[in-house]
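Summary of the model geometry
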Amino acid sequence: MFEPDLLKDRSILITGGGTGLGRAMALRAAVLGAGVFLVGRREAPLEDTAKAIVERGGRAGWATADVRDFGAVERAVDRAWKELGSLDSLINNAAGNFLARTERLSPNAFAAVVGIVLEGSFHSTLAVARRWIEAERPGCVLNIVATYAASGSPYVVPSASAKAGVLAMTKSLAVEWARYHIRLNAIAPGPFPTEGAWSRLIPTPEAERAWLEEHPMRRFGRHSELADLAAYLLSAPAEYINGACVTIDGGASACAQGGFTHLVDAPAEFWEAVERERRRTP
Ligand code: COA
């Protein structure tokens with residue numbers, strides 16, 4: 001559906017760009033002509049994704065940074081700017097999440113997720129937008145939230161709280177920075193299978209089956225569907241879309257309670273499996 005040069009001459013920084021949906025968005029943007037710069041905590045996936053892009057004829061760079069550390073984000077943005085020649089877009093995709101009964105969480109667990117999702121998104125947004133405002137250049141920010149950012153959801157309370165904050169930030173800054181030609185939008189995905197999300201959120205075959213049985217389309221999202229939506233929202237034809245949150249979940253949240261509400265009836269064995277999975281994955 002897109003012109004092959006939809007994102008030609010664009011340069012996009014993607015946090016969490018080495019794996020999962022970040023990787024899918026990076027690969028798609030690169031095929032559409034953008035230079036991409038990947039930021040994440042682990043070197044290996046960043047290097048691997050950048051290599052895959054370059055092998056397909058695209059432009060890619062990467063830097064390790066924990067988005068909770070503003071100084072590290074600033075250094076990564078500097079490097080992206082130098083390597084790509086400039087930056088005009090940011091995708092705040094890095095996330096942290098896990099299923100847990102909230103009364104068992106430590107304050108540090110809450111802080112870890114809010115630090116990555118809410119503070120991390122603020123850090124990268126601030127770092128790029130200050131440069132855009134200073135240089136009087138337009139910019140575009142895309143925040144990956146979740147369908148439960150608006151509704152809330154039990155059992156993912158740190159993530160729901162943080163994503164709600166990111167959604168509020170998206171709308172607030174869309175208005176505040178429109179005068180600088182900086183657009184901010186959000187995508188609210190439903191369930192898209194990734195290693196990171198599945199190991200933490202849908203860790204058993206029974207849990208996966210329960211999700212599918214309740215889903216109006218009886219299927220999960222495809223990475224290409226989310227990557228195409230992201231490419232469109234970043235592109236010039238989407239210029240008048242600002243402060244929006246586009247849901248992509250096959251209708252799962254349209255008439256449902258959304259999120260992990262169905263787990264209120266989960267047996268103790270389910271929670272034991274969740275905790276086993278936590279010990280198994282890095
Ligand atoms: N359930 C309950 N508490 C958990 C938990 C879980 N599954 N995983 C971690 N925690 C707690 C830890 O016990 C720790 O608290 P404590 O110091 O009081 O013991 C706190 O959270 C921080 O954990 P730690 O592993 O030190 O943090 P980290 O910064 O290395 O990792 C996470 C951050 C916890 C969010 C980790 O899951 C992560 O790195 N996630 C990134 C990828 C991801 O989540 N992807 C899914 C996207 S949908």
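Note that the structure is a prediction, hence the values are computed from the model and not measured.

So, how was this worked out
- The residue numbers shown here count from 1 along each chain, following its written sequence.
- The predicted nature of this model means local features are confined to residues of pLDDT at least 70 and side-chain atom pairs, given and counted, to a pLDDT of 80 or more, with totals for whole chains, interfaces and linings taken over all residues.
- Where side-chain values are given, they derive from all heavy atoms of the structure, hydrogens and water being excluded.
- For each residue, the test is whether any non-hydrogen atom lies within 4 Å of the molecule or strand; if one does, the residue is near.
- Counting of polar contacts relies on pairs of N or O atoms within 3.5 Å, with two restrictions inside protein: one atom must be capable of donating a hydrogen and the other of accepting it, and residues adjacent in sequence are counted only when both atoms are side-chain atoms.
- In short, Shrake-Rupley with a 1.4 Å probe defines the accessible areas, and a residue's cover is counted only from the protein chains shown.
- Each helix is a run of DSSP H or I of at least 4 residues and each strand a run of E of at least 2, with the numbering of both proceeding from the N terminus.
- Residues were grouped as follows: Ala, Val, Leu, Ile, Met, Phe, Trp, Tyr, Cys and Pro as nonpolar; Asp, Glu, Lys and Arg as charged; and all remaining residues, including Gly, as polar.
- What makes two strands pair is DSSP finding at least two bridges between them.
- To obtain each axis, a line is fitted to C-alpha atoms, and for helices this fit is confined to the stretch in contact; angles are then taken between N-to-C directions over 0 to 180 degrees.
- Centres within 6.5 Å are what make two rings of Phe, Tyr or Trp a pair, Trp counting through its six-membered ring; a difference in plane orientation under 30 degrees is then read as stacked, over 60 as edge-to-face, and the rest as tilted.
- With a 1.4 Å probe rolled over the protein chains alone, any residue whose accessible area is under 20% of its type maximum counts as buried; one over 50% counts as exposed, and the rest are partly exposed.
- The contact definition used throughout considers only heavy atoms, calling two residues in contact when any of these lie within 4.5 Å.

Near the ligand you find 17 residues, and of these Arg41, Arg68, Ser106, Asn108 and Arg278 are the closest. Here asparagine 97 contributes a backbone N or O atom positioned 3.0 Å from an oxygen atom of the ligand. With the chains in place, 63% of the 930 Å² that the ligand exposes on its own is no longer accessible. For the shell around the ligand, the elements supplying multiple residues, two or more each, are α4 (107-135) and α7 (195-201). By residue class, the composition of the shell around the ligand is eight nonpolar, five polar and four charged.

Take the sheet that holds strand β5 (residues 139-144) next. With parallel pairing, the seven strands of this open sheet are ordered in space as β3-β2-β1-β4-β5-β6-β7. In this open sheet, the two strands that pair with only one neighbour each are β3 (59-64) and β7 (245-248). Each strand of the sheet is rotated relative to its neighbour by a mean of 20°, with strand direction disregarded. Here strand β2 (residues 35-40) pairs with β3 via six bridges, running parallel. For leucine 38, the partnering residue across the bridge sits in β3 and is tryptophan 62.

All right, on to the packing of aromatic side chains then. What the rule picks out here adds up to five aromatic pairs. On the numbers, 5.0 Å between centres and 45° between planes, the contact of tyrosine 155 with tryptophan 271 is tilted. Of this pair, tyrosine 155 sits in the loop between α5 (148-151) and α6 (157-176) while tryptophan 271 sits in helix α10 (residues 268-280), and the two are 116 residues apart along the sequence. Accessibility assignment for this pair places tyrosine 155 and tryptophan 271 in one class, buried. Where phenylalanine 270 meets tryptophan 271, the ring centres are 5.3 Å apart and the plane angle is 80°; that geometry is what we call edge-to-face. Note on phenylalanine 270: relative accessible area 11%, which makes it buried. Feature note: the residues Tyr148, Trp211 and Phe260 constitute an aromatic cluster, connected by ring pairs.

This part takes up the environment of arginine 28. Within the element layout of this structure, arginine 28 appears in helix α1 (residues 20-31). Judged by relative accessible area, which is 25%, arginine 28 ranks as partly exposed. Between the C-alpha atom of arginine 28 and that of methionine 169, which follows or precedes it by 141 residues, the distance is 26 Å. Those residues in contact with arginine 28 that sit more than four places away from it in its chain are Phe2, Ala227 and Asp228.

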